[in-house]
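Read off the chains here:
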Amino acid sequence: MERGTGWYPACRAARPAWTWLLLFTGCLTGAEITCGTCSAAPPAPSLSSSREKEPLQPRGPLPWPGSRARRSAGDDALLQKKPGGGWGVGDRDAAEEPPVVLLDEDPGLGWAGAAVGAGQRSAVARGSAPAAARGRAEGLPPGAAEEGGGWPGTGSSSHPPRPRARRSSGGRRRFAPDHGGGGAPWAEGPKAPRGAPAKGSREEGKGAKLRGGEELRLSSTTCALSGDSAHNQAMVHWSGHNSSVILILTKLYDFNLGSVTESSLWRSTDYGTTYEKLNDKVGLKTVLSYLYVSPTNKRKIMLLSDPEIESSILISSDEGATYQKYRLNFYIQSLLFHPKQEDWILAYSLDQKLYSSMDFGRRWQLMHERITPNRFYWSVTGLDKEPDLVHMEARTADGHVHYITCRIQECSETTRSGPFLRSIDTNSLVVQDEYVFIQVTAGGRANYYVSYKREPFAQIKLPKYSLPKDMHIISTDENQVFAAVQEWNQNDTYNLYISDTRGVYFTLALENVKSSRGLEGNIIIDLYEVAGIKGIFLANKKIEDQIKTFITYNKGRDWRLLQAPDTDLRGDPVHCQLPFCSLHLHLQISENPYTSGSISSKETAPGLVVATGNIGSELSYTDISTFISSDAGNSWRQIFEEEYNVWYLDWGGALVAMKHTSMPIRHLWVSFDEGRSWIKYAFTSTPLFVDGSLVEPGVETQLMTIFGHFSLRSEWQLVKVDYKSIFSKRCNKEDYQTWHLHNQGEPCVMGERKIYKKRKPGIQCALGRDYSRTIVSEPCVCAEWDFECDYGYERHSTNQCIPAFWFNPSSLSKDCSLGQSYLNSTGYRRIVSNNCTDGLREKYAAKVEQCPGKAPRGLHILTTDGKLVAQQGHNTTFIILMEEGDLQRTNIQLDFGDGIAMSYANFSPIEDGIRHVYKNAGIFQVTAYAENSLGSDTAVLFLHVVCPVEHVHLNAPFVAIRNKEVNLTAVVWPSQPGTVIYFWWFGNSSKPLITLESSVSYIFTTEGMNTITVQVSAGSALLQDTKDIAIHEYFQSQLLSFSPNLDYHNPDIPEWRQDISKVIKRALVQVTGIPNEQILVAVFPGLPTSAELFILPHKNTTERRKGHEGDLEPVVEILFNALNQNLVQFELKPGIEVITYVTQLTLAPLVDSSAGHSSSAMLMLLSVVFVGLAVFLIYKFKRKIPWVNIYAQVQHDKEQEMIGSVSQSESAPKITVNEFTDPEELMDKELDTRVIGGISTIANSESTKEIPNCTSV
């Protein structure tokens, strides 16, 4: 599944109703395939922002925020001439002297690299014929009809066919077809016996006798766009939907000048049988660059002139027959048409201004002067109150970006509103269906917000430690969001997540989905949604450096490998056993409507999937064949031995195939039995280098236009192929059979049992417009596979959903008020859009329970920008958050610290924040107090009104001895010139200790947890760090290490270390039975993961009598026995068991003695110095060996001491001298303290990055 990077609107912006035809040299310039050499060829002019904005499709990922978009399948694209012919790299000289014809050559169709997996594989096929012409066309076996073709590598002449152009006289040149007839309805065409291939066609001539059999031909006409042989780009619009009008704009793009120098406009009113040149109607000197069509009225056409010559538009209201010209005072970069009102248009200019028109471009009005490219959207019907409302991402004068809305005729500063009050990240606004997405980065982390049905924004909840680096929205269909998230430990893969209806809570659907970069740098996620049947997805997953294709039938709840075909094309058995061997598919859809892409399916043909791939242990890009499934991916058949492009005709009742090749072509293949057999037809007398093929828009699709050329310098050749004559009749009841949708025999898919009707194999009848495929659809009884794990739960090997280690299922919603009820999750939720009933539905449904009411807990106060510095005289907005409690029954008081306080009866009035203006500079203690009938909570924030520093780290021990002096050091990075002021806060004191030195000594007199906060002020910057210290009379400690699998899941952030410390502590208590309050575990920053275990005195011991260190020996012995026997284990996530060990540390330094090192003597000297220094420190500070530490207060010792935890570097099993890092380097690597403003409660706040704590500082 491939979609461009960037968020997309609900309606295509700058959607040119055309397609560029590109002739390919193999050089890729920018996003387009151009002719000429790459060295001197800049990209062709494009509506970079506009052309790339397109509606979100279910098979396309949207990045967050977006970069450049990628055109999706079915939309207009650029088609360009390729020297040498076909889509391959040809011989420019050889194109001068072509042979007249290539007998019975069926080289197929070659496609641009951009349309075939973004250039990931070669377009050159191997040359075998389609499977199973099987005597139906000429009575020959597969491949027998193919001969060496007269092109490089075929063993024959290396020249392409000679160009043929037909010209007519008259003022306006009208071109008659090269071949007679074509276009007659099926009822009037030649009949063929049912079940046999059609014998006749209206193409000129009766067909050559090849190999003793009559060649089958399709009704076709060929036209040459005479006089445009030098034009290297073409844009095509076919209205379709009962319209016979086709418009073609050809132009000569000069790569040296970077502009269009010539253009021609052609129009056909008979489905492409004849064309009329309209240059005199638009102005003989007018050079056109782009063509647009209103999406709601195909008769309304808009042409843009080339901006290098003039800025003007030409408007037609009669499908391009006549035009009116209007000059503009700005240059259009992109257009966005209203999804309902045909005359309403938004235009984005080159100078980033947004204009609106309500009369299809005749008059324009300026809306806003600073709009982000591609970030403007029309209102969504049924969700926005006004139909002319526009959603915009706009920049303010101070450079901040905001999400605003306004009406097109009333968009002044006073009428603009902001649905999200805070500033947002650039290129992050997306309005898509019922959802609005934005991104806000604070403290170096991206936070994502969503609004469902225009409700207030809610923060998107991913699993706690997913920590996304990149996020793409794949689909917003069926009231659910699919998202691809690249997590902190991924590089070339993404994890697939699926949301609840509101798009807030996401659960994991599939890990390690393959990704790649497109031609324009956009991200391509290998995920494909099968059209026509909901819930079926295909994905390429990376497993141990191998890419394998998986399929799901329940929206990602269960995945399995694809079963390979039982036999190959020759009928020989395929030996492929799951899971060692399976079928693997390329999942790139075509971004060019002239190609079918590597995989395709249609809403009108449910269950039918055509894709290229291979059989084996992993996905291959060399050995590629074409496969088809008629039962929605349960079983597959091989239909070609190389790559073919396959299109759906007649509501999917027939298939047309052309080979993916660079050689000239004159044949195609048609199947009426879902690819089981194929009939070979000729569509032209002279082989043609095919640049692309356009199937008639709409679902009936019995017409096709093939674009090509005889040589690089020949005119564009347009071949209209009419398939109506090959259908012998309209289908009746006897021509159908039933098909039951299933998943490996299970008839219930997404909670429904469906039966479809299909045409019987071999019946060449037309389905007709009133054809309906679904004949039975009924709900199923709910089973296990209809439910996925709810947010915070993970599926284990027992197939049960169990809470993740970071999730507390007992925490109630803050919206749950006393006397009300809430839904308590069972850990399961029914898959969105699943229609099952009864069965397990009641068992897994969330249970309604009464809200017991809770006291306020986890009260937080912070500013909207996350900083603790405010400017005097400016608005400061405070946000008050509460983790638990009754929002509706909790009183809130906020004291700003400057003599002003506010009181609120509940949280409702303060959801958007509380604004306050400080009139004086200084330090203000802002206090939030929350209270209800069950309890209260307090949060304090120290706000500095005006002062800049970048990082600060508080270096403090984990545990210290009561009444002993403790050294505390604030490390500032980078070092600032001038005076730095340090503010030290101990406990809940409202008066800080202010110093000019970075270190202080402090004596803790109270046992238990004590909080220290340091704030550093330098200039206009203010940062803080907070640490908790456990104070006791005595304690012991021990270093711990873990099994290596923990390192892979260690994101090295404070929150993770805190949670893992709790998990380790819980495991120790469970195994040993030691009281919870006697154990403290602290995980160190960095890798490998290590921790320090503190054994603390029992609380009751110190209350009854004076304890001593001997009381801890039994506890230490119990812990050592459990750790040495590997009894302390915990499950990090399903299937991942982590073992905790006692670290065995040696002081003996190791010296690298490998050959080639001349510094061994110096290393040995440094080792001796280090050992001596360690002995001196132990003697000087009277400490024991750090890995078996016993700490106690010595009453008569004159020198007080503070003992800290052991650093990570000391916890390593072995230490080499060259691994030791000086303090500045260590500080540079580890120091990354967050800017003040992200604090939680004062007692538990922690910096984002920490320096490992060593012995006392």
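About the criteria used
Along each chain, residues carry numbers from 1 onward, in the same order as the chain's sequence is written. The predicted nature of this model means local features are confined to residues of pLDDT at least 70 and side-chain atom pairs, given and counted, to a pLDDT of 80 or more, with totals for whole chains, interfaces and linings taken over all residues. Where side-chain values are given, they derive from all heavy atoms of the structure, hydrogens and water being excluded. Strand pairing is assigned whenever DSSP detects at least two bridges linking the two strands. What counts as a helix is a DSSP run of H or I of at least four residues, what counts as a strand is a run of E of at least two, and both are numbered from the N terminus. To obtain an axis, a line is fitted to C-alpha atoms, over the contacting stretch when the element is a helix, and the angle between two such axes runs from 0 to 180 degrees between their N-to-C directions. One side-chain nitrogen of Lys or Arg within 4 Å of one carboxyl oxygen of Asp or Glu is enough to make a salt bridge. Here the term buried applies to any residue with accessible area under 20% of the maximum for its type, exposed to any over 50%, and partly exposed to those in between, with areas from a 1.4 Å probe on protein chains only. Any pair of Phe, Tyr and Trp rings, taking the six-membered ring for Trp, is counted once the centres come within 6.5 Å. Such a pair is stacked with planes under 30 degrees apart, edge-to-face with planes over 60 apart, and tilted for the rest. Whether a charge sits over a ring depends on NZ of Lys or CZ of Arg being within 6 Å of the ring centre and within 35 degrees of the ring normal. Angle categories: roughly parallel below 35 degrees, roughly antiparallel above 145, roughly perpendicular from 65 to 115, and oblique for all the rest. Whether two residues are in contact is decided by their heavy atoms, any of which lying within 4.5 Å being enough. For this classification, the nonpolar set comprises Ala, Val, Leu, Ile, Met, Phe, Trp, Tyr, Cys and Pro, the charged set comprises Asp, Glu, Lys and Arg, and every other residue, Gly included, is treated as polar.

Visitor: Now, about the sheet that holds strand β75 (residues 999-1003): what can you tell me, with residues and values included?
Guide: With respect to topology, 3 strands assemble into an open sheet ordered β70-β72-β75, the strand pairing being antiparallel. Two strands in the sheet have a free side with no partner beyond their single neighbour: β70 (951-955) and β75. When strand polarity is set aside, the average angle formed by the axes of neighbouring strands in this sheet is 20 degrees. Here 5 bridges tie strand β72 (residues 965-973) to β75, and the two strands are oriented antiparallel to one another.

Visitor: Lay out the sheet that holds strand β20 (residues 354-357) in plain terms, naming residues and giving numbers.
Guide: Strand order in the open sheet formed by 4 strands is β18-β19-β20-β21, and the pairing between neighbours is antiparallel. This sheet does not close on itself; its edge strands, each paired only once, are β18 (332-337) and β21 (365-368). This sheet shows a mean twist of 30 degrees between the axes of neighbouring strands, independent of strand direction. Relative to strand β19 (residues 345-349), β18 runs antiparallel, the two being bridged by 5 bridges. Counted as the bridge partner of Ser334 is Tyr348 from β19.

Visitor: Summarise the pattern of salt bridges; cite the residues concerned and give the values.
Guide: In the structure shown here, the tally under the stated rule is 35 salt bridges. Residue Arg363 is joined to Asp359 by a salt bridge in which the shortest nitrogen-to-oxygen separation is 2.9 Å. The exposed category is assigned to Arg363, whose relative accessible area is 64%. Owing to a relative accessible area of 16%, Asp359 belongs among the buried residues under this scheme. Between Arg829 and Asp790 there is a salt bridge, with its nearest N and O atoms 3.7 Å apart. Taken together, the residues Arg829 in strand β60 (residues 828-830) and Asp790 in the loop between β56 (787-789) and β57 (793-795) connect sequence positions 39 residues apart. On the accessibility criterion, Arg829 (12% relative accessible area) is buried.

Visitor: An account of the packing of aromatic side chains is needed here, citing residue identities and associated values.
Guide: Taken as a whole and judged by the stated rule, the model has 34 aromatic pairs. Ring plane angle 15 degrees and centroid distance 3.8 Å describe the contact between Phe640 and Tyr644, whose orientation is recorded as stacked. With respect to class, Phe640 is no different from Tyr644; both count as buried. Site record: aromatic cluster; members linked through ring pairs are Tyr505, Tyr791, Tyr793, Trp806 and Phe807. When the ring centre of Tyr736 is taken as origin, the NZ or CZ atom of Lys757, which lies over that ring, is 4.8 Å away. A cation sits over an aromatic face here: Lys758 above Trp739, 4.4 Å from the ring centre.

Visitor: An account of the pairing of strand β69 (residues 935-945) is needed here, citing residue identities and associated values.
Guide: Within β69, 8 of the 11 residues are buried, leaving the element largely enclosed by the surrounding structure. Both strand β63 (residues 869-870) and β69 contribute to a ladder of 2 bridges, which runs parallel. Counted as the bridge partner of Ala870 is Val945 from β69. With antiparallel pairing between neighbouring strands as the criterion, strand β68 (residues 922-932) and β69 make up a hairpin whose turn holds 2 residues.

Visitor: Can you lay out the packing of helix α4 (residues 1054-1072) against helix α6 (residues 1113-1124) for me, pointing to particular residues and giving the numbers?
Guide: Following both chains from N to C, one finds α4 and α6 inclined at 105 degrees, their axes separated by 10 Å at the closest point. Considered as vectors, α4 and α6 are oriented roughly perpendicular to each other. Packed against α4, whose contacting residues are Leu1068, Val1071 and Thr1072, the element α6 presents Ile1118, Leu1119, Ala1122 and Leu1123 at the interface. Of the residues that constitute the contact of α4 with α6, the class distribution is 6 nonpolar, 1 polar and no charged.

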